[in-house]
Every structure is written in structure tokens, then in C-alpha cells.
Amino acid sequence: METFEALERPGKIIAVHLSYASRAGQRGRRPQAPSYFFKPSSSIAPTGGSIERPAGTELLAFEGEIALVVGAPARWVPQDKAWDHVAAVTAANDFGLYDLRGADKGSNVRAKGGDGFTPLGPGLIDAKEADPAGLRVRTWVNGELRQDDTTAGLIFPLAQLVSDLSQHFTLETGDVILTGTPAGSTVVVPGDVVEVEVDIPDGPSTGRLVTTVTQGETPFSNVGSKPVVDDAQRTEAWGSRAAAGLPEQNPLTDELRELLRRTPVAGLSAQLRKRGLNNVFIDGVRANQPGAKIVGRARTLRYLPNREDLFKSHGGGYNAQKRLFDSVESGEVIVIEARGERDAGTLGDVLALRARSRGVAGIVTDGAVRDFDTVAETGLPVFSAGPHPAVLGRKHVPWDTDVAIACGGTAVLPGDIIVGDSDGVLVLPPDLAREVAEAAFAQEEEDAWIADQVAQGQPIEGLFPPDAAWRERYTAWRKTQ
């Protein structure tokens, strides 16, 4: 089998930012079209080599990938002919230094362009022998399997990448295309050994591309941007906050979620009002099903007023609405800004079923719902302005996700805690959630005790609100419970 080392150094290396569905799910965003960056050919390294983690950095991450070697020049190549321009497939490791990502702002020149940051090889698989939808990539760290995916899991087929790039510049013989990494990429440290293999299951293999991580001794000087890390970069580099050793940011624990389920919205509203928060109620929405209750963190979806040219560019295909419903996590609440427009649906039965299958806690929209009865039959708690049979495009353009929105006249930020019941829906700031929930629940217990006293015939005078004597009686009762 021919090896990559036998080839001439490529004129250019083009890498895809995000291309596997598993990686997109891990990152919580799914691109509509592929995007790219260049890597210098000086970053290429052979198998058995090493990569240096520069002094003063901490977030060097591996990315096992399938690399395509261009065999014949390609310019304006249609997708159905694109694979004919690929000579071979090999293994790649698209190393990146997250400490320098902020300085690059997407270009990855410094974050991914260092010497040794693009190991390739060792063997080549003839593209004529390979089904581009049937390739597998696996990565091991110190012998432990960390990545395992196939090109069947790509968002963008390999041929699409070749065709798309050929629209913008000529792909020349020997050029290399790095086709993105699946889920499982994480940080490695000096002493770690990373191995990447690409193969056709039960067929040819590239062999394992082996790279050892070493510690650099020369620090960056002050002539340019220096390494900067924060918890956001650590989370992206490691793959999760837990993997990065960071405390969980989600204040909505199972115990707090249950407390909020047992606490009426009216009680929470009263406690927020005591703390000076009067504009936390989503006006104009009601539960589509009697007795519905929702508790969850907000994922937001913003609609713009319909404009025909904008709907043409943003309304069709895998639009913002569909991307959110495919990425929402179990226990989250989708909150939709529809500007209080009731003359078109913002949700229908198919999206409701998708949300239900994802474990969504509920949906809130200040617009209307299509297929109203069918949506109700899914059992998904939905709070809306009511039914309407018209499709989305009559009034709305799905525009953006996970941004600050206005729903029912109230500001909603991603991560806000949404609580709804028969009285309506309110937005609970995460940093106040536990304090407000505990105070509201305590007040509800007291109110229930007062109601019981009234039901037994006690007069309201001095009891509601309780004076010192009744307060003493209530305190004594609480100690027995």
C-alpha cells in the first residue's frame, strides 16, 4: 500500500469546521452549509512523530478525521462527479490549541497551524475502492477508544465538500481536505499517545497514525496575542463541563425542579414581586390542555415578521426552527417569540412529536398553534395564544435560536427557568430560582393552613394575614409536621 509520506507536500490543506451529526449534537449547533479554514502545509507530520503543547497552554485537543487527497484538478465540479477527483483517503489528526482560539476568531491560523498540528497517514486507501458513505474513523488515546463513527453520520457528504470547494477555487492535485471530526474529541496532555485509523470495515485500512504529545519549553512572547482560556473554552475543548472538571452551571436540579412543580405560579409571582421583579410574566398565553404544568430551562426561537425574500432565504430547508427542535435536550422548554401574532401557526403536530421524542418539558409561544387538537393529543404541554390553521410563512420567518427574545412582552434569555400552570407562564431568573421557590412553597404551606382554619369556621380577622397570636399557633403547628 502506498504511504502518504511518499507523496509531495500538498499545496494547500482545507479543513471543515463542523460536519458530523454527532459532533453537532455535542456542540448544540448544526450548520446549514459547510464552512472551512486553511492549515499551512508546514503543520504536516508523519506517523510516529510528536506534537508539542506550547509552554503556558493547557487546552491541546485531538480531532481524528478522514483526509481526502485530491487526484485531479477540480473547478466547478458537480457533486455527482466530485468523487472522481479524489485519489485517496488517509487518516488525519486535526490538532487544535483552544488557548489561542479567541485570538483567531474562527480562522484557526494560530490555534491549528502549529508545526506538527496535522499528522497524516500512514497508508492510503484508493478512492476507487472506497464507498464515500462507508468509511470509518476511530481514535484512541493511550489505547482507549475515544472516537468511533462512519461517514454515514456526516451532515455533508464527502462529495459535497469537494464540489462546494471547487466553486471557490481550484483544488489541485495533492491538495488535502480534512473532513471534520465526530463526537469524542477532547484534551490531551504531555505523555499521551493518540492514534487515528481510517478504514473500510472488513476492507482496507490506513493503519494507525500515531502521535505523542510532548511539553514545550519556549513561552509565547509579547509580540502577538498570548494564550487566554476561560471556562467556555475549557468546556468546548474537553467536550463538556464535567469532563473539564467544572461545576455544573445548571441550577435546575431534580430536587429544585420537583419543588417548582409543587409550587403554583401565582406564589412564585408574588415572591418575585417582593424582590422588585414585576415584568416576568409571559402575557397572553394559556395552556392548551387543562392542568398542564411545565418546568424547565429555556431554549429560545425567534421569528421575524414575514418578508418574502427573507422567507425564501431562511424559511425553507433546515431552517432555525427545525435546527432547534432537533437539538433541544430533555427537560428543556422551547420559548418562541412570535410578536403576539395570532394569525398563523408557530407549531404543528410534526414538530410537537419531535419535541416529545426529545423529552422536551414544554413549549411556550406567544403565537398560535396549528393542528391544535392533534398537538394536544401528543401529551406535550404547550402554552400558546390559541389555534390558527395557517402555516408559519403567512406571518413569520424562522430567524435565530438561543438568543435573547421577547415572548408575551417579557424578556427571555437562554437558560432562564420557565414555570407554567393554569394561571400562566413566568420567567424565573436562574440565580433567584431556589430562593424564590423555597419562599413561595413556604408561603403556600402557610396559606393552606390558614385556609384550613377558615374552613373550620375561624374568622378572617387576625388570621389573614396572621397576627402575632396566629403566627405563634402556626409556628407550633409547623414543628409537629
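Residues numbered from 1 in each chain as written. Predicted model: local features only at pLDDT ≥ 70, side-chain atom pairs only at ≥ 80, totals over all residues. Heavy atoms only, no water.

*Asks:* Whenever I open this one, the sheet that holds strand S10 (residues 125-126) confuses me. Can you help?
*Replies:* Paired through their backbone hydrogen bonds, the strands of a sheet run either parallel or antiparallel. On the basis of which strands lie adjacent, the open sheet formed by 6 strands has the order S2-S1-S13-S6-S7-S10 and mixed pairing. This sheet does not close on itself; its edge strands, each paired only once, are strand S2 (36-39) and S10. As defined by bridge partners, strand S6 (residues 64-70) adjoins strand S7 (residues 86-93) across 7 bridges and the pair is classed as antiparallel. When the bridges of S7 are listed, leucine 68 appears paired with valine 89. Here helix H5 (residues 158-166) sits on the sheet and contacts strand S1 (13-16), S2, S6, S7 and strand S13 (176-178); the angle it forms with S2, its principal contact strand, is near 80°. (Pairing = 2+ DSSP bridges. Helix = DSSP H or I, 4+ residues; strand = E, 2+ residues; numbered from the N terminus. Contact = heavy atoms within 4.5 Å. Axes fitted to C-alpha atoms, helices over the stretch in contact; angles between N-to-C directions.)

*Asks:* Any chance you could explain the pairing of strand S26 (residues 424-428) here in plain terms?
*Replies:* Within a regular strand, side chains alternate between the sheet's two faces. The buried count for S26 comes to 5 of 5 residues, which makes it a mostly enclosed element. Both faces of S26 are covered, namely the face carrying Gly424, Leu426 and Leu428 and the face carrying Val425 and Val427. Examined bridge by bridge, strand S16 (residues 281-282) and S26 share 2 bridges and lie antiparallel to one another. Residue pairing across strands places phenylalanine 281 opposite leucine 426, the latter belonging to S26. Relative to S26, strand S25 (residues 417-421) runs antiparallel, the two sharing 5 bridges. Considered in S26, the bridge of glycine 420 is made with valine 425. (Buried < 20%, exposed > 50% of the residue type's maximum accessible area, 1.4 Å probe, protein only.)

*Asks:* When you look at a nonpolar patch on the surface in this model, what are you seeing that I'm missing?
*Replies:* On the surface, Val454, Ile460 and Phe464 cluster together to form a nonpolar patch covering roughly 290 Å² of accessible area. The residue phenylalanine 464 is located in the loop between helix H13 (433-455) and helix H14 (468-480) in this model. Residue phenylalanine 464 is classed as exposed on the basis of its relative accessible area, which comes to 54%. (Patch = residues over 30% accessible without salt bridge, like charges linked within 9 Å, V, L, I, M, F, W, Y side chains within 5 Å. Areas by Shrake-Rupley, 256 points an atom, 1.4 Å probe, with all protein chains shown as cover. Salt bridge = Lys/Arg side-chain N within 4 Å of Asp/Glu carboxyl O.)

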